[in-house]
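Below are the chains, spelled out letter by letter.
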Amino acid sequence: MISKENIQNRMIQAVETVKRTNPMAGSITNSVTINFVANAQLAVGGSAAMVYLPDEGEFLAKAGAATYINVGTLLPVYEQTLPRTAKVLHDLSKPWVLDPVAAGFGLLRTELLRQYKEYKPSVIRGNASEIIALAGLWGLDGSSEESHVRGVDSTDSVIAARAAAVALARWTGGAVAVSGKTDLITDGSVIAFSQGGSHFMEKITGSGCSLGGVVAVYATAASPFIAALTASSVYNLAGSRAENEVDGPGSFQTRFLDELYKATAVEIANNPFEIEEV
Ligand SMILES: Nc1ncnc2c1ncn2[C@@H]1O[C@H](COP(=O)(O)OP(=O)(O)O)[C@@H](O)[C@H]1O
Ligand SMILES: Cc1ncsc1CCOP(=O)(O)O
Ligand SMILES: [Mg+2]
(Lines give C-alpha, C1' and ligand atoms only; values in the text may rest on other atoms or scores of the structure.)
(Ligands and ions follow the chains in the order given, each with its own letter.)
Protein backbone atom coordinates (compact mmCIF):
# COMPACT_ATOMS: atom_id res chain seq x y z
CA MET A 1 0.00 0.00 0.00
CA ILE A 2 1.19 3.52 -0.75
CA SER A 3 2.69 5.15 2.37
CA LYS A 4 1.15 8.10 4.13
CA GLU A 5 4.38 10.05 3.70
CA ASN A 6 4.33 9.46 -0.05
CA ILE A 7 0.73 10.69 -0.21
CA GLN A 8 1.61 13.80 1.81
CA ASN A 9 4.56 14.61 -0.45
CA ARG A 10 2.33 14.38 -3.49
CA MET A 11 -0.25 16.63 -1.81
CA ILE A 12 2.44 19.23 -1.12
CA GLN A 13 3.54 19.08 -4.74
CA ALA A 14 -0.05 19.54 -5.96
CA VAL A 15 -0.69 22.58 -3.75
CA GLU A 16 2.62 24.22 -4.64
CA THR A 17 2.14 23.62 -8.36
CA VAL A 18 -1.32 25.19 -8.26
CA LYS A 19 -0.13 28.23 -6.29
CA ARG A 20 2.76 28.70 -8.75
CA THR A 21 0.96 28.10 -12.07
CA ASN A 22 -2.59 29.48 -11.53
CA PRO A 23 -4.22 26.72 -13.65
CA MET A 24 -7.62 27.19 -15.26
CA ALA A 25 -10.35 24.74 -14.30
CA GLY A 26 -13.57 25.72 -16.05
CA SER A 27 -17.01 24.86 -14.72
CA ILE A 28 -20.54 24.16 -15.74
CA THR A 29 -22.22 24.48 -12.38
CA ASN A 30 -25.43 25.44 -10.64
CA SER A 31 -26.82 28.95 -10.36
CA VAL A 32 -27.19 28.80 -6.56
CA THR A 33 -23.49 28.56 -5.74
CA ILE A 34 -21.67 29.61 -8.90
CA ASN A 35 -20.03 32.63 -7.27
CA PHE A 36 -18.81 30.65 -4.27
CA VAL A 37 -17.33 27.95 -6.51
CA ALA A 38 -15.33 30.55 -8.46
CA ASN A 39 -14.17 32.32 -5.28
CA ALA A 40 -12.99 29.05 -3.70
CA GLN A 41 -11.10 28.09 -6.85
CA LEU A 42 -9.38 31.49 -6.88
CA ALA A 43 -8.61 31.33 -3.14
CA VAL A 44 -6.55 28.13 -3.52
CA GLY A 45 -4.64 29.58 -6.49
CA GLY A 46 -6.64 28.43 -9.50
CA SER A 47 -8.40 30.37 -12.24
CA ALA A 48 -12.17 30.03 -12.84
CA ALA A 49 -14.48 30.29 -15.88
CA MET A 50 -18.16 29.38 -15.93
CA VAL A 51 -20.23 28.62 -19.05
CA TYR A 52 -23.69 27.33 -19.98
CA LEU A 53 -23.75 26.82 -23.77
CA PRO A 54 -22.83 23.59 -25.61
CA ASP A 55 -20.07 25.00 -27.83
CA GLU A 56 -18.60 26.94 -24.91
CA GLY A 57 -18.57 23.78 -22.79
CA GLU A 58 -16.64 22.02 -25.54
CA PHE A 59 -14.26 24.96 -25.83
CA LEU A 60 -13.68 25.00 -22.08
CA ALA A 61 -13.06 21.27 -22.04
CA LYS A 62 -10.31 21.72 -24.63
CA ALA A 63 -8.84 24.92 -23.18
CA GLY A 64 -8.87 24.12 -19.47
CA ALA A 65 -6.43 21.85 -17.69
CA ALA A 66 -9.41 20.22 -15.93
CA THR A 67 -13.18 20.77 -15.89
CA TYR A 68 -15.89 20.70 -13.26
CA ILE A 69 -19.45 19.61 -14.03
CA ASN A 70 -22.15 20.03 -11.39
CA VAL A 71 -25.77 19.15 -12.19
CA GLY A 72 -27.32 21.16 -9.33
CA THR A 73 -29.78 23.35 -11.24
CA LEU A 74 -30.52 21.96 -14.69
CA LEU A 75 -31.86 23.99 -17.61
CA PRO A 76 -33.03 22.67 -21.02
CA VAL A 77 -29.74 23.75 -22.64
CA TYR A 78 -27.84 21.35 -20.41
CA GLU A 79 -29.39 18.44 -22.29
CA GLN A 80 -26.92 19.45 -25.03
CA THR A 81 -24.12 21.04 -23.01
CA LEU A 82 -23.42 18.28 -20.50
CA PRO A 83 -23.03 15.25 -22.82
CA ARG A 84 -21.14 17.23 -25.45
CA THR A 85 -18.67 18.61 -22.90
CA ALA A 86 -18.17 15.24 -21.22
CA LYS A 87 -17.56 13.57 -24.59
CA VAL A 88 -14.74 15.99 -25.40
CA LEU A 89 -13.21 15.45 -21.95
CA HIS A 90 -13.43 11.69 -22.33
CA ASP A 91 -12.08 11.66 -25.89
CA LEU A 92 -9.15 13.92 -24.97
CA SER A 93 -8.51 12.05 -21.68
CA LYS A 94 -8.72 15.33 -19.77
CA PRO A 95 -9.34 15.24 -16.01
CA TRP A 96 -12.82 16.20 -14.97
CA VAL A 97 -14.88 16.21 -11.81
CA LEU A 98 -18.55 15.34 -11.55
CA ASP A 99 -20.77 16.49 -8.67
CA PRO A 100 -24.00 14.46 -9.09
CA VAL A 101 -26.06 16.89 -7.00
CA ALA A 102 -29.42 15.41 -6.01
CA ALA A 103 -28.80 12.24 -8.03
CA GLY A 104 -32.04 10.29 -8.24
CA PHE A 105 -34.18 13.43 -8.41
CA GLY A 106 -36.05 14.17 -11.66
CA LEU A 107 -36.03 12.69 -15.17
CA LEU A 108 -33.51 14.92 -16.98
CA ARG A 109 -30.98 14.66 -14.14
CA THR A 110 -31.37 10.89 -14.08
CA GLU A 111 -30.95 10.59 -17.85
CA LEU A 112 -27.87 12.87 -17.95
CA LEU A 113 -26.21 11.09 -15.05
CA ARG A 114 -26.95 7.71 -16.61
CA GLN A 115 -25.12 8.80 -19.80
CA TYR A 116 -22.08 9.80 -17.73
CA LYS A 117 -21.31 6.18 -16.91
CA GLU A 118 -19.50 5.79 -20.24
CA TYR A 119 -17.66 9.12 -19.99
CA LYS A 120 -15.93 8.02 -16.77
CA PRO A 121 -15.34 11.17 -14.68
CA SER A 122 -11.84 11.30 -13.15
CA VAL A 123 -13.31 12.28 -9.78
CA ILE A 124 -16.87 11.90 -8.55
CA ARG A 125 -17.50 14.16 -5.56
CA GLY A 126 -20.77 14.06 -3.70
CA ASN A 127 -22.43 13.55 -0.37
CA ALA A 128 -23.31 10.02 0.76
CA SER A 129 -26.85 9.97 -0.62
CA GLU A 130 -25.64 11.14 -4.04
CA ILE A 131 -22.84 8.57 -4.21
CA ILE A 132 -25.18 5.71 -3.28
CA ALA A 133 -27.78 6.90 -5.80
CA LEU A 134 -25.23 7.21 -8.62
CA ALA A 135 -23.84 3.71 -8.05
CA GLY A 136 -27.44 2.46 -8.16
CA LEU A 137 -28.15 4.35 -11.37
CA TRP A 138 -25.05 2.86 -12.97
CA GLY A 139 -25.98 -0.64 -11.78
CA LEU A 140 -22.69 -1.16 -9.93
CA ASP A 141 -21.81 -3.38 -6.99
CA GLY A 142 -22.18 -1.54 -3.73
CA SER A 143 -25.45 -0.06 -4.84
CA SER A 144 -27.39 -2.44 -2.63
CA GLU A 145 -27.60 0.31 -0.03
CA GLU A 146 -30.71 2.33 -0.71
CA SER A 147 -30.17 6.09 -1.10
CA HIS A 148 -32.64 8.30 0.71
CA VAL A 149 -32.39 11.27 -1.67
CA ARG A 150 -34.65 14.13 -0.63
CA GLY A 151 -32.94 17.08 -2.31
CA VAL A 152 -29.38 18.39 -2.28
CA ASP A 153 -28.49 17.52 1.34
CA SER A 154 -27.42 14.04 2.43
CA THR A 155 -29.69 11.85 4.51
CA ASP A 156 -27.21 8.94 4.57
CA SER A 157 -23.98 8.45 6.53
CA VAL A 158 -20.59 8.57 4.80
CA ILE A 159 -19.79 5.02 5.86
CA ALA A 160 -23.03 3.74 4.27
CA ALA A 161 -21.61 4.98 0.94
CA ARG A 162 -18.30 3.12 1.28
CA ALA A 163 -19.12 0.18 -1.03
CA ALA A 164 -20.75 2.46 -3.58
CA ALA A 165 -17.70 4.76 -3.59
CA VAL A 166 -15.30 1.86 -4.13
CA ALA A 167 -17.46 0.43 -6.93
CA LEU A 168 -17.68 3.81 -8.69
CA ALA A 169 -13.91 4.37 -8.42
CA ARG A 170 -13.21 0.90 -9.83
CA TRP A 171 -15.56 1.55 -12.73
CA THR A 172 -14.09 4.93 -13.68
CA GLY A 173 -10.47 4.11 -12.83
CA GLY A 174 -10.40 7.48 -11.03
CA ALA A 175 -11.34 8.55 -7.52
CA VAL A 176 -14.48 9.16 -5.49
CA ALA A 177 -14.83 11.62 -2.60
CA VAL A 178 -17.77 11.25 -0.24
CA SER A 179 -18.23 14.30 1.99
CA GLY A 180 -19.72 14.56 5.47
CA LYS A 181 -18.46 15.02 9.01
CA THR A 182 -15.51 12.80 8.06
CA ASP A 183 -14.74 12.59 4.34
CA LEU A 184 -14.03 9.30 2.56
CA ILE A 185 -11.78 9.40 -0.49
CA THR A 186 -10.95 6.28 -2.50
CA ASP A 187 -9.33 5.18 -5.74
CA GLY A 188 -10.86 1.72 -5.41
CA SER A 189 -7.86 0.17 -3.67
CA VAL A 190 -7.02 2.63 -0.87
CA ILE A 191 -9.43 4.62 1.29
CA ALA A 192 -8.46 7.85 3.06
CA PHE A 193 -10.59 9.29 5.85
CA SER A 194 -10.05 13.04 6.13
CA GLN A 195 -10.93 14.74 9.42
CA GLY A 196 -11.85 18.29 10.37
CA GLY A 197 -14.28 20.78 8.94
CA SER A 198 -17.11 22.50 10.77
CA HIS A 199 -20.79 22.07 11.50
CA PHE A 200 -21.19 25.50 9.88
CA MET A 201 -20.38 23.86 6.52
CA GLU A 202 -23.84 22.30 6.65
CA LYS A 203 -25.31 25.78 7.24
CA ILE A 204 -23.98 27.46 4.12
CA THR A 205 -24.99 26.47 0.62
CA GLY A 206 -22.18 25.51 -1.71
CA SER A 207 -19.62 23.95 0.59
CA GLY A 208 -19.93 20.70 -1.37
CA CYS A 209 -20.21 22.37 -4.79
CA SER A 210 -17.19 24.58 -4.19
CA LEU A 211 -15.24 21.56 -2.90
CA GLY A 212 -15.87 19.94 -6.30
CA GLY A 213 -14.52 23.05 -8.04
CA VAL A 214 -11.39 22.95 -5.89
CA VAL A 215 -10.91 19.23 -6.62
CA ALA A 216 -10.88 20.21 -10.31
CA VAL A 217 -8.19 22.82 -9.64
CA TYR A 218 -5.95 20.22 -7.97
CA ALA A 219 -6.76 17.69 -10.69
CA THR A 220 -4.77 19.93 -13.05
CA ALA A 221 -1.66 19.06 -11.04
CA ALA A 222 -2.19 15.64 -9.46
CA SER A 223 -3.80 12.22 -9.85
CA PRO A 224 -7.57 12.01 -9.16
CA PHE A 225 -7.00 10.47 -5.70
CA ILE A 226 -4.41 13.04 -4.61
CA ALA A 227 -6.52 15.89 -6.03
CA ALA A 228 -9.61 14.72 -4.13
CA LEU A 229 -7.72 14.17 -0.88
CA THR A 230 -5.88 17.50 -1.13
CA ALA A 231 -9.11 19.42 -1.71
CA SER A 232 -10.87 17.60 1.14
CA SER A 233 -7.92 18.34 3.42
CA VAL A 234 -7.80 22.05 2.68
CA TYR A 235 -11.57 22.22 3.21
CA ASN A 236 -11.33 20.43 6.54
CA LEU A 237 -8.42 22.59 7.67
CA ALA A 238 -10.01 25.87 6.58
CA GLY A 239 -13.38 24.87 8.05
CA SER A 240 -11.91 24.05 11.48
CA ARG A 241 -9.89 27.26 11.57
CA ALA A 242 -12.77 29.45 10.42
CA GLU A 243 -15.17 28.00 13.00
CA ASN A 244 -12.94 29.23 15.82
CA GLU A 245 -13.16 32.83 14.63
CA VAL A 246 -16.88 33.31 13.95
CA ASP A 247 -20.29 32.97 15.55
CA GLY A 248 -22.56 32.20 12.60
CA PRO A 249 -22.79 30.98 9.00
CA GLY A 250 -22.55 34.42 7.35
CA SER A 251 -19.19 35.35 8.81
CA PHE A 252 -18.11 31.70 8.52
CA GLN A 253 -18.36 31.80 4.74
CA THR A 254 -16.17 34.88 4.53
CA ARG A 255 -13.63 33.59 7.03
CA PHE A 256 -13.60 30.18 5.31
CA LEU A 257 -12.45 31.76 2.04
CA ASP A 258 -9.69 33.60 3.93
CA GLU A 259 -8.51 30.34 5.49
CA LEU A 260 -8.56 28.54 2.11
CA TYR A 261 -6.32 31.31 0.82
CA LYS A 262 -3.92 31.24 3.79
CA ALA A 263 -3.41 27.46 4.13
CA THR A 264 0.11 26.39 3.16
CA ALA A 265 1.02 23.18 1.33
CA VAL A 266 2.60 21.62 4.43
CA GLU A 267 -0.36 22.56 6.65
CA ILE A 268 -2.77 21.00 4.14
CA ALA A 269 -0.76 17.77 3.90
CA ASN A 270 -0.61 17.62 7.72
CA ASN A 271 -4.36 17.93 8.21
CA PRO A 272 -5.32 14.62 9.91
CA PHE A 273 -6.22 11.65 7.71
CA GLU A 274 -6.01 7.88 8.03
CA ILE A 275 -5.57 5.39 5.21
CA GLU A 276 -6.62 1.79 4.87
CA GLU A 277 -6.55 -0.82 2.12
CA VAL A 278 -9.92 -1.77 0.63
N1 LIG B 1 -20.87 18.10 10.25
C2 LIG B 1 -19.75 18.42 9.59
N3 LIG B 1 -18.60 18.59 10.27
C4 LIG B 1 -17.47 18.92 9.63
N5 LIG B 1 -17.38 19.12 8.29
C6 LIG B 1 -18.48 18.95 7.54
C7 LIG B 1 -19.72 18.59 8.15
N8 LIG B 1 -20.64 18.47 7.16
C9 LIG B 1 -20.02 18.76 6.01
N10 LIG B 1 -18.72 19.05 6.22
C11 LIG B 1 -17.74 19.43 5.20
O12 LIG B 1 -18.40 20.28 4.27
C13 LIG B 1 -17.94 20.05 2.93
C14 LIG B 1 -19.16 19.75 2.07
O15 LIG B 1 -19.70 18.52 2.45
P16 LIG B 1 -21.25 18.20 2.40
O17 LIG B 1 -22.00 19.18 3.22
O18 LIG B 1 -21.38 16.75 2.75
O19 LIG B 1 -21.54 18.37 0.87
P20 LIG B 1 -22.87 18.79 0.15
O21 LIG B 1 -22.93 20.26 0.42
O22 LIG B 1 -22.67 18.45 -1.26
O23 LIG B 1 -23.99 18.02 0.80
C24 LIG B 1 -16.92 18.94 3.05
O25 LIG B 1 -15.65 19.54 3.09
C26 LIG B 1 -17.23 18.26 4.39
O27 LIG B 1 -16.09 17.70 4.98
C1 LIG C 1 -29.54 24.48 -2.77
C2 LIG C 1 -29.27 23.96 -4.14
N3 LIG C 1 -30.30 23.63 -4.97
C4 LIG C 1 -29.88 23.19 -6.15
S5 LIG C 1 -28.20 23.19 -6.30
C6 LIG C 1 -28.03 23.76 -4.72
C7 LIG C 1 -26.70 24.01 -4.10
C8 LIG C 1 -26.21 22.83 -3.35
O9 LIG C 1 -24.94 23.10 -2.84
P10 LIG C 1 -24.17 22.12 -1.87
O11 LIG C 1 -24.46 20.74 -2.32
O12 LIG C 1 -22.74 22.47 -2.03
O13 LIG C 1 -24.66 22.42 -0.47
MG1 LIG D 1 -23.76 18.93 -2.86
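This one's a predicted model, so the numbers in the text were calculated from it and none came from an experiment. (Residues numbered from 1 in each chain as written. Chains lettered and ligands numbered in written order. Predicted model: local features only at pLDDT ≥ 70, side-chain atom pairs only at ≥ 80, totals over all residues.)

A count of helices and strands for the protein chain gives 11 helices and nine strands. The C-alpha radius of gyration computed for the protein chain amounts to 17 Å, which stays within 12% of the reference 19 Å derived for 278 residues, consistent with globular compactness. Along the three orthogonal principal directions, the C-alpha set of the protein chain runs to about 40 × 40 × 35 Å. When each of the 278 residues of the protein chain is scored for burial, the buried share is 55%. A separation threshold of at least 6 residues defines the contact pool for the protein chain, and within that pool the share at least 24 residues apart is 75%. (Helix = DSSP H or I, 4+ residues; strand = E, 2+ residues; numbered from the N terminus. Rg over C-alpha atoms; globule rule 2.2 N^0.38 Å. Buried ≥ 20, exposed ≤ 12 C-beta atoms within 10 Å, placed from the backbone. Contact = placed C-beta atoms within 7 Å.)

Turning to the UniProt feature "binding site: ATP" (unreviewed entry) in the protein chain, a few remarks are in order. Here, UniProt's "binding site: ATP" (unreviewed entry) annotation points to Arg125 and Ser179. Judged by maximum C-alpha separation, these annotated positions cover 55 residues in sequence but sit close together in space, the widest gap being only 7.6 Å. Tracing the chain through its elements places Arg125 in strand β5 (residues 123–127). In contact with Arg125, other than residues within four places in its own chain, are Val97, Asp99, Ala177, Leu211, Gly212, Val215 and Ala228. With respect to the helices and strands, Ser179 occurs in strand β6 (residues 175–179). (UniProt positions renumbered as here; feature names shortened; annotations may be inferred.)

On to the UniProt feature "binding site: substrate" (unreviewed entry) in the protein chain. Under the present numbering, the feature "binding site: substrate" (unreviewed entry) in UniProt falls on Met50 and Gly206. In this structure, Met50 sits in strand β2 (residues 47–50). Overall, Met50 belongs to the partly exposed group, with 18 C-beta atoms counted inside 10 Å. Contact partners of Met50, with chain neighbours within four places excluded, come to Ser27, Thr29, Ile34 and Ala38.

With that out of the way, let us pick up the sheet that holds strand β3 (residues 66–70). Overall, mixed pairing links the nine strands, which are arranged β2-β1-β3-β4-β5-β6-β7-β8-β9 in an open sheet. Edge positions in the open sheet fall to β2 and β9 (273–277), since each of these has one partner strand only. On average, each strand axis in the sheet is tilted by 20° relative to the strand beside it, whichever way the strands run. As judged from the four bridges shared by β3 and strand β4 (residues 96–99), these two strands associate in the parallel manner. Bridge assignment links Tyr68 to a residue of β4, and that residue is Val97. Those strands touched by helix α6 (residues 128–137) are β5 and β6, and its axis lies near 125° from that of β5. (Pairing = 2+ DSSP bridges. Axes fitted to C-alpha atoms, helices over the stretch in contact; angles between N-to-C directions.)

So, on to the nonpolar core. One finds Ile131, Val215 and Tyr218 to be the most contacted residues of the largest nonpolar core, which totals 86 residues. The greatest single-element share of this core, amounting to 11 residues, is contributed by helix α9 (residues 224–243). Beyond its immediate chain neighbours, meaning those up to four positions away, Tyr218 contacts Ala14, Val18, Ala227, Thr230 and Ala231. (Core = buried A, V, L, I, M, F, W, Y, C linked by C-beta atoms within 7 Å.)

Attention now moves to unusual backbone geometry. Backbone geometry at Ser93 places phi at a positive 55°, although glycine is not the residue there. Of note, Ser93 is situated in the loop between α4 (78–91) and β4. We note that Lys120 has phi near 45°; this positive angle belongs to a residue other than glycine. As for its placement among the helices and strands, Lys120 is situated in the loop between α5 (107–115) and β5. On the neighbour-count criterion, Lys120 (18 C-beta atoms within 10 Å) is partly exposed.

We now examine the site of ligand 1. Around ligand 1 sit 19 residues in total, of which Ser179, Gly197, Met201, Gly208 and Tyr235 are the nearest. Looking at the shell around ligand 1, the elements with two or more residues in it are α8 (207–219) and α9. Looking at the shell around ligand 1, the element that brings in the most residues is α9, giving four residues. (Near = placed C-beta within 6 Å.)

In this section: the pairing of β3. Taking burial as the measure, the five residues of β3 include five buried ones, the bulk of the element. Across the two faces of β3 the burial is the same, with Ala66, Tyr68 and Asn70 and Thr67 and Ile69 all buried. Sheet topology note: the strand β1 (residues 24–28)/β3 ladder contains four bridges and is parallel. Paired with Ile28 across the strands is Ile69, a residue of β3. Considered for its hand, the β-α-β crossover made up of β3, α4 and β4 is right-handed. (Right-handed = clockwise from strand over helix to strand, strands pointing away.)

β1 sits mainly inside the fold: four of its five residues count as buried. As paired elements, β1 and β2 share four bridges and run parallel to each other. Bridging from a neighbouring strand, Ser27 pairs with Met50 of β2. With helix α2 (residues 34–43) bridging β1 and its parallel neighbour β2, the resulting β-α-β unit is right-handed.

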